Amino acid sequence: MADRQRKWVTEDVLTYAYLLLYIALSSGQIFFNKWVLSSKEINFPYPLGLTLLHMVFSSILCFVLTKVLKILKVEEGMTLDIYISSVIPIGAMFAMTLWLGNTAYLYISVSFAQMLKAIMPVAVFILGVAAGLEVMSCRMLLIMSVISFGVLVASYGEIDINWVGVVYQMGGVVGEALRLIFMEILVKRKGLKLNPISVMYYVSPCSALCLLVPWIFLEKPKMDEQRTWSFQPLVLTLNSLCTFALNLSVFLVIQHTSALTIRVAGVVKDWVVVLLSALLFADTKLTLINLFGYAIAIAGVAAYNNHKLKKQTTQPSSGESEPTQIISSIQSSNSNE
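Residues numbered from 1 in each chain as written. Predicted model: local features only at pLDDT ≥ 70, side-chain atom pairs only at ≥ 80, totals over all residues. Heavy atoms only, no water.

Looking at an unreviewed UniProt entry, one finds the chain named Sugar phosphate transporter domain-containing protein and attributed to Datura stramonium. In its Subcellular location (unreviewed entry) section, UniProt records this for the chain: "Membrane". (UniProt positions renumbered as here; feature names shortened; annotations may be inferred.)

Structural data, given as structure tokens:
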């Protein structure tokens, strides 16, 4: 009996440790990216190039861990048809999400970007209805209205609103919503179940290629022309490593928690980012209207998550694996890495 109790205590400690690790890495990565991109700090104001570095680093590290060292395993079942029809669109949308989301940091504060991301369930639901994956109902319409109203109130309370940054952030939201739709189609219609490592292994190289082309035409000429920016290999390598560590923490959290726990952790992380950004960055000025609107939006997001979880519980035969759903929910909250 004593041994069993010690085992339970050990498992509980590990669970909380993994959750704290996820929250710390997820929040820290957002601040790290802002720090690297800021002209007042590291001064590498090229979000497309930074995202490209992340994807190349992730691709190389995934290959080494799975094929060279064979520490981690990649799920089997991937075919050329599935890769072309599903993985490439997912990779392209993921690249678009990270690129536009990171670009938004050049124009708006971290906290305001986080508040705008609360609109994500609305975008996912609207696109899901259009794709035939969701069904419109009075309850969902009410939840979407609450989230939208909360985001509008939070935006109204923003002191230094920059519409260019808002457009970039909302573009990232649309890209992430499309990625989640493609992910759901991949699992439900193609029947392929992927763990987080497999997702990184297949998607990262595709995302890197999708980012390389616009980087050559959009940012490389600027980098060649402007020599005022700073390239610090050690800092950028550490930044990329943190991104990869964040994805690994997702893998650990999935193994030791439920879908409900991880979604609650995501909401906690969002509030941590919003509040800490006010302390860490001079461009962040939170108002009571900001916080009130964001609280309304988060309440709507919580209702949406609860609805989705109940739906998964009552429809276990839908063909969608819990890990993939969790990956989608976590990565949507990390769309700016």
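Visitor: Help me understand the overall build of the chain in this model?
Guide: Along the chain, the regular secondary structure elements total 12 helices and zero strands. For the chain, the succession of helices and strands along the chain, N to C, is α-α-α-α-α-α-α-α-α-α-α-α. Considering only contacts within the chain whose residues lie at least 6 apart along the sequence, 89% involve residues at least 24 apart. Taken as a whole, the chain presents about 15800 Å² of accessible surface, with 69% of it coming from carbon and sulfur. (Helix = DSSP H or I, 4+ residues; strand = E, 2+ residues; numbered from the N terminus. Contact = heavy atoms within 4.5 Å. Areas by Shrake-Rupley, 256 points an atom, 1.4 Å probe, with all protein chains shown as cover.)

Visitor: Mind showing me how you'd approach the packing of helix α2 (residues 47-68) against helix α8 (residues 196-225) here?
Guide: Packed helices, taken two at a time, are described by the angle their axes make and the gap between the axes. As a packed pair, α2 and α8 sit with axes 8 Å apart at the nearest point and diverge in direction by 150 degrees. With respect to each other, α2 and α8 are oriented roughly antiparallel. Here the hand of the crossing between α2 and α8 comes out left-handed. (Axes fitted to C-alpha atoms, helices over the stretch in contact; angles between N-to-C directions. Parallel < 35°, antiparallel > 145°, perpendicular 65-115°, else oblique. Left-handed = near helix turned anticlockwise from the far one by under 90°.)

Visitor: Could you clarify how one ought to interpret the side chain of Ser-59 in this entry?
Guide: Counting through the fold element by element, Ser-59 comes out in helix α2. Within the local environment of Ser-59, its side chain forms a polar contact with the backbone oxygen of Met-55, the two atoms lying 2.7 Å apart. Not counting residues within four places of it along the chain, the set of residues in contact with Ser-59 comprises Ser-204 and Pro-205. (Polar contact = N/O pair within 3.5 Å; in protein donor to acceptor, adjacent residues only side chain to side chain.)

Visitor: Sorry, what's going on with the nonpolar core here?
Guide: For soluble globular proteins, nonpolar side chains are generally found buried alongside one another. Grouped together as the largest cluster of nonpolar side chains are 70 residues, with contacts concentrated most on Val-36, Phe-44, Val-110, Val-124, Met-144, Ile-147 and Val-151. Top element by residues in this core is helix α7 (residues 163-188). It accounts for eight residues. Apart from the residues lying within four places of it in its own chain, the contact partners of Phe-44 are Val-36, Leu-37, Ser-38, Gly-49, Leu-50, Met-223, Trp-229, Ser-230, Phe-231 and Leu-236. (Core = buried A, V, L, I, M, F, W, Y, C linked by side-chain atoms within 4.5 Å. Buried < 20%, exposed > 50% of the residue type's maximum accessible area, 1.4 Å probe, protein only.)

Visitor: Looking at this model, I keep getting lost on the packing of aromatic side chains. Mind explaining?
Guide: Each aromatic ring pair is specified by the distance between its two centres and by the angle formed by the two planes. With the rule as written, the count across this model stands at six aromatic pairs. Summarising the aromatic geometry, the rings of Phe-32 and Trp-35 are spaced 5.9 Å apart at their centres and angled 40 degrees between planes, so their arrangement reads as tilted. Of this pair, Phe-32 and Trp-35 both sit in helix α1 (residues 2-37), three residues apart, roughly one helical turn. Relative to Phe-231, the ring of Phe-44 lies with its centre 6.2 Å away and its plane at 65 degrees, an arrangement referred to as edge-to-face. Of the two residues, Phe-44 is situated in the loop between α1 and α2 and Phe-231 in the loop between α8 and α9 (233-256); the sequence distance between them amounts to 187 residues. Aromatic rings pair up to connect Phe-44, Tyr-46 and Phe-231 into one cluster. (Phe/Tyr/Trp six-rings, centres within 6.5 Å; stacked < 30°, edge-to-face > 60°.)

Visitor: Quick question: what am I supposed to make of the pattern of salt bridges here?
Guide: Opposite charge on two side chains makes pairing possible when the charged atoms of those side chains draw close. Tallying each qualifying case throughout the model produces three salt bridges. Arg-179 is the partner of Glu-176 in a salt bridge, and the nearest nitrogen-oxygen pair spans 2.8 Å. Taken together, the residues Glu-176 and Arg-179, both in helix α7 and three residues apart, mark about one turn of the helix. Comparing Glu-176 with Arg-179 shows no difference in burial state: the two are buried. (Salt bridge = Lys/Arg side-chain N within 4 Å of Asp/Glu carboxyl O.)

Visitor: Explain unusual backbone geometry here, please?
Guide: Trans is the common state for peptide bonds, and a negative phi is the common state for residues other than glycine. If you check the backbone angles, Asn-43 has positive phi at about 65 degrees while not being a glycine. Inspection of the secondary structure assignment puts Asn-43 in the loop between α1 and α2. Residues other than glycine seldom take positive phi values, yet Lys-70 does so here, at roughly 55 degrees. For Lys-70, the position within the fold is in the loop between α2 and α3 (80-104). The class for Lys-70 is exposed, based on a relative accessible area of 64%.

Visitor: Help me out: how do you make sense of α3 in this one?
Guide: Note that an α-helix has 3.6 residues per turn; residues three or four places apart therefore point the same way. With 25 residues, α3 should cover 36 Å at 1.5 Å per step; its first-to-last C-alpha distance of 35 Å lies within 8% of that length. The sharpest bend along α3 comes to roughly 35 degrees, located at Val-87, with the proline Pro-89 sitting one to four residues further on. (Expected span 1.5 Å × (residues − 1). Bend = angle between axes of the 7 residues up to and from the residue.)

Visitor: Looking at this structure, I do not really get the environment of Val-173. What am I missing?
Guide: Examined against the element boundaries, Val-173 turns out to sit in helix α7. Counting along the chain gives 52 residues from Val-173 to Pro-121, while the straight-line C-alpha distance between them is 9.4 Å. When neighbours within four sequence positions are excluded, Val-173 is seen to be in contact with Leu-116, Lys-117, Ile-119, Met-120 and Ala-123.

Visitor: Just checking my understanding: could you explain the environment of Leu-100 for this structure?
Guide: Considering the arrangement of structural elements, one finds Leu-100 in helix α3. For Leu-100, a relative accessible area of 15% gives the class buried. Residues Leu-100 and Val-167, spaced 67 residues apart in sequence, show a C-alpha to C-alpha distance of 8.9 Å. In this structure Leu-100 touches Tyr-168, Gln-169, Gly-171 and Gly-172, once residues within four positions along its chain are discounted.

Visitor: Would you explain the side chain of Thr-287 in this entry?
Guide: Along the chain, Thr-287 falls in the loop between α10 (259-280) and α11 (288-314). A polar contact of 2.9 Å, which involves the side chain of Thr-287, links it to the backbone oxygen of Gly-157. Only 3.0 Å separates the side chain of Thr-287 from the backbone nitrogen of Asn-290, close enough to count as a polar contact.

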